[in-house]
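The primary structure of each chain is shown beneath.
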Amino acid sequence: MKKLFIIAGLIVFGIACGNQKDSPKGDENKSAETSESTENGNPSYDPNRGEGKYTSVELGASLDQAKATEGEKVYGVKCSGCHKLTDEKLVGPGWKGVTGRHKPEWIMNFITNTDEMLNKDPKAQAQLEICLVRMPNQNLSDDEARNLLEFMRKNDGVK
Amino acid sequence: MRKSQINALAVLTVGLVLGVIACKPKNAGSAVSGDAAEKVYVAPGKYDEFYNFVSGGFSGQLSVYGLPSGRLFRVIPVFSVDPEKGYGYNEETKPMLNTSHGFVPWDDLHHVEMSQTNGEVDGRWVFVNGNNTPRVARVDLKTFRTAEILELPNSAGNHSSPFITENTEYVVAGTRFSVPPDDVNGDVPINSYKQNFKGYLSFISVDKNNGGMNIAFQIKAPGVNFDLSHAGKGKSHGWFFFSCYNSEQANTLLEVNASQKDKDFIMAVNWKKAEEYLKAGKGKKVSAKYAHNTYDDKTHSAKSEIRSEVVVLDAEELKDICYMIPCPKSPHGCDVDPSGEYIVGSGKLAALIPVFSFDKIQKAIAAKDFEGEYQGIPVIKYQSALHGEVQKPGLGPLHTEFDGKGNAYTSFFVSSEVVKWNIKDLKVVDRVPTYYSIGHLCVPGGDSKKPFGKYLIAYNKITKDRYLPVGPELPQSAQLYDISGEKMQLILDFPTIGEPHYAQAAPAELIQKNSVKFYKIEENNHPYVSKGEATTKVVRQGNQVHVYMTAIRSHLSPDNIEGIRMGDEVYFHVTNLEQDWDVPHGFAIKGANNAELLIMPGETTTLKWVPDRVGIFPMYCTDFCSALHQEMSGYVRVSPAGSNVPLLFSTGKNMPAADSSKAK
């Protein structure tokens, strides 16, 4: 029991540190459908979209095989060390089903804007509490990120 | 005790304390004024205004400090091995320290010169000299790593180096210890110095795009001790000035025998003229053996090439390249003001500072206003070259830097002070003590056409009572002065690594924006790279075993290796798969007669390990990388020679037999 308190304390402390700068008060209570806008006209924080430059990502009805093949190569170099293609956790979560758990915008923002997402996004932070290793920013280009997303879709059975 | 007695005692005590202070005028209390702390305080999270590149002297390394805080940011290994970074220990960097004498793990780094464009510091490279086994190195300020090292033939004691011309056309290297040239029999009596010993000046061309160095030509000059140098600039661009002592040509007890003459020389070299002679084919190709080592950021590897020839111009034969200017007395520093008109010679045994005029030197040469020849080189009359002398400036002048506002700052070793004087009227403006025995000094951009002024840093040889004692060897130190006003003001002391000789500084904004954050894994052309864990493997070639390994937070792959046998040479080629700033991984294995690897993101480096006994050897990441850093480890099994344990490698699969069903 004592141990649990300590862990809980650590987690709260960790989040408090991470949130210091980026999180406006009361953020966590806001719904996804909030209509408030920020200065540059973007909607305020949308946990389904995440934090980053992607506001909408167009997905084809069927798989873009060329993109998926390129994405698989990127996976081999930059991701496979920590992520399995099954649902088994290695260092990070397995990728099976990831495109069902998150919106494409959220995935794109998370893999390209990792540090800010880990500092701000509730779902990313929940995952960090499980894995306890901050996902490295692997400095993906826009194309690499998009190709990876397509490979994740292929891995989730999109034909 | 009665109250009045206590009061009396208090007064007495204060008096005594004041008395002690009054008797010791050179203590820190009297030298530092109230707002010093404010001037050097860089708040947490804030950046310093200047980078300061400081020679590490006999450490062989280059240190990087911030100014005005005096905080040490980095020690860049250059001429000495550095087990912390694996420099000179991993297979990739060993060739950097190759010379014609083989692998040399140490040198004595004295001078620092930042590259310039149009006479202004451009923030691209820092050049440094190796004094003992003559070499010049180039440090790339994108990576803060040694990119190239060039050995110098026909040289010994490469001291008047690595000073540069105003567009970094050339880096020079003049020999302090004259020796017989490399292509003749050097087995001669030492006391045949006058007949057999020569001084060579190397002009190293620098590729303006990639910084690549090449000895364009050497000038064969009389056998004396070439001490320091600086290039002309502006109107004197095309000329180089070298101080030299031991014009007596002594070969023993130089302390006495090289201090006989009233004047030695500053040698003016017309390098544009030398270039003409070179084009006209007046250079002589002579055989020489010297190493040229280069580091490639794409293969993450160095290679060393031994060169065999150098072109030499003879100063005695080609009369109008070199001219001697008499300079009192055993000149050390040789510094050129921002306009290029004034050349300051600092006779280290003199009690005055002569300042020469470039215009007057040119007139004297045109009018052949010579007092004779020294070893076949024309000697210009002292008065004909002289702009004037700074009278009674202090004792033992060594070096001079400039602030761009018409002032010169000269260090005085014997009288432990910095003296500010006006270049035109040669009047002393201000003087401040240093603690103690200052050698070099530095003003940011202080040897360029555009000094940044503001600060002056004194590099002191002796610190005695300035720091907490740490045994018989005390830190050498730097002292920071604010020179923005009329009076110089001491504002900070900070200890340095090794012995600080020359240093240079430049605004942070010139450099920080170019700093590489990680190496792109896609561009990694290392022959043993593993781009992704799927490509990791262990390959046996006879008794050589190559381990293609990856590191990412927080595991090594493979992390279980069996089938290594006694007599094997194992090469761990570790690729860091991270692609983010500030995430290096380390690698070490028990018992390796070697250092660690410290692998930057996207880089591959190699540790050679020759197991010395049978058993299990742990290996682990040495650089704390994540919450699971302590888990980042593995085992290697070493079996006897001739063992038939098969070569096996894996990550996460080598489970106990009973648990094998759990492994996926």
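Residues numbered from 1 in each chain as written. Chains lettered and ligands numbered in written order. Predicted model: local features only at pLDDT ≥ 70, side-chain atom pairs only at ≥ 80, totals over all residues.

A.B. asks: Which parts of the structure should I look at to understand the packing of helix α2 (residues 65-79) of chain A against helix α7 (residues 142-155) of chain A?
C.D. replies: The geometry of a pair of packed helices is captured by two quantities: the angle between their axes and the separation between those axes. Residue and element names in this part refer to chain A. Contact pair α2 / α7: the axes reach a minimum separation of 7 Å and the direction vectors enclose 100°. With respect to their mutual orientation, α2 and α7 come out roughly perpendicular. Judged by residue contacts, K67, A68, E70, G71, E72, V74 and Y75 of α2 engage E144, R146, N147, L148, E150, F151 and K154 from α7. (Axes fitted to C-alpha atoms, helices over the stretch in contact; angles between N-to-C directions. Helix = DSSP H or I, 4+ residues; strand = E, 2+ residues; numbered from the N terminus. Parallel < 35°, antiparallel > 145°, perpendicular 65-115°, else oblique. Contact = placed C-beta atoms within 7 Å.)

A.B. asks: I'm lost on the sheet that holds strand β27 (residues 407-412) of chain B in this one. Help?
C.D. replies: Two modes of strand pairing occur in sheets, parallel and antiparallel, and in both the strands are linked by backbone hydrogen bonds. All names here are of chain B. Spatial strand order, β26-β27-β28-β29: four strands in an open sheet with antiparallel pairing. Each end of this open sheet is capped by a strand with a single partner; those strands are β26 (397-402) and β29 (428-433). For this sheet, the mean angle separating the axes of adjacent strands, direction not counted, is 20°. Two elements, β27 and strand β28 (residues 417-422), share six bridges in a ladder whose sense is antiparallel. Bridge pairing links Y409 to K420 in β28. (Pairing = 2+ DSSP bridges.)

A.B. asks: Is there a simple way to think about α2(A) in this case?
C.D. replies: All names here are of chain A. Helix length check: α2 (15 residues) gives 19 Å between terminal C-alpha atoms against 21 Å at 1.5 Å per residue, within 8%. Turning to α2, its buried residues number three or more, namely G71, V74, Y75, V77, K78 and C79. In this structure, the buried side of α2 is in contact with α7. (Expected span 1.5 Å × (residues − 1). Buried ≥ 20, exposed ≤ 12 C-beta atoms within 10 Å, placed from the backbone.)

A.B. asks: What exactly am I supposed to notice about the pairing of strand β20 (residues 331-336) of chain B here?
C.D. replies: Remark: a regular strand shows side chains that alternate across the two faces of the sheet. Residues and elements named next belong to chain B. Across the six residues of β20, six count as buried, placing the element largely inside the fold. Here four bridges tie β20 to strand β21 (residues 342-347), and the two strands are oriented antiparallel to one another. The partner of V336 across the bridge, within β21, is I343. Linking β20 to β21, which pair antiparallel, is a turn of five residues; within it G340 sits at a positive phi near 85°.

A.B. asks: How should the domain arrangement of chain B be read in this particular structure?
C.D. replies: One widely used convention gives an interface's size as the accessible area the parts lose upon coming together. Residue and element names in this part refer to chain B. Looking at the assigned domains, one finds that chain B contains domain 1 (49-514) and domain 2 (527-656). Each partner contributes to the interface: domain 1 provides nine residues, whereas domain 2 provides twelve residues. Among the residues making up the side of domain 1 that touches domain 2, the classes are represented as two nonpolar, three polar and four charged. (Domains from an automatic or database assignment. Nonpolar A, V, L, I, M, F, W, Y, C, P; charged D, E, K, R; others polar.)

A.B. asks: Teacher, can you tell me more about the confidence of the model for chain B here?
C.D. replies: The predicted structure's coordinates, where accompanied by low pLDDT, should not be read in detail. Summarising the model, chain B shows a mean pLDDT of 94, and 94% of its residues fall at 70 or more. Contacts for the low-pLDDT stretch residues 8-26 of chain B, under 50 throughout, to residues beyond four places or in other chains number four contacts. (pLDDT = per-residue confidence, 0-100.)

A.B. asks: Help me understand unusual backbone geometry, please; the structure alone is not making it clear to me.
C.D. replies: A negative phi angle is the norm for most residues apart from glycine, just as the trans form is the norm for most peptide bonds. All names here are of chain B. Residue P162 follows S161 across a cis peptide bond; omega there is 0°. Inspection of the secondary structure puts P162 in the loop between β10 (158-160) and β11 (170-175). With an omega of -10°, the peptide bond running from Y435 to Y436 counts as cis. Inspection of the secondary structure puts Y436 in the loop between β29 and β30 (438-442). Residues other than glycine seldom take positive phi values, yet N246 does so here, at roughly 60°. Along the chain, N246 falls in the loop between β15 (239-245) and α5 (254-257). Backbone geometry at D582 places phi at a positive 65°, although glycine is not the residue there. Structurally, D582 is set in the loop between β39 (569-576) and β40 (585-589).

A.B. asks: Would you mind showing me how to read the packing of helix α4 (residues 104-112) of chain A against α7(A) here?
C.D. replies: Residue and element names in this part refer to chain A. Running from N to C, α4 and α7 cross one another at 130°; their axes reach a closest spacing of 10 Å. It follows that α4 is oblique to α7 by the angle criterion. The element α4 and its partner α7 pack so that their crossing is right-handed. Across the interface between the two elements, P104, I107, M108, I111 and T112 from α4 touch A145, L148, L149 and M152 from α7. Class assignment of the residues belonging to the contact of α4 with α7 gives a composition of eight nonpolar, one polar and no charged. (Left-handed = near helix turned anticlockwise from the far one by under 90°.)

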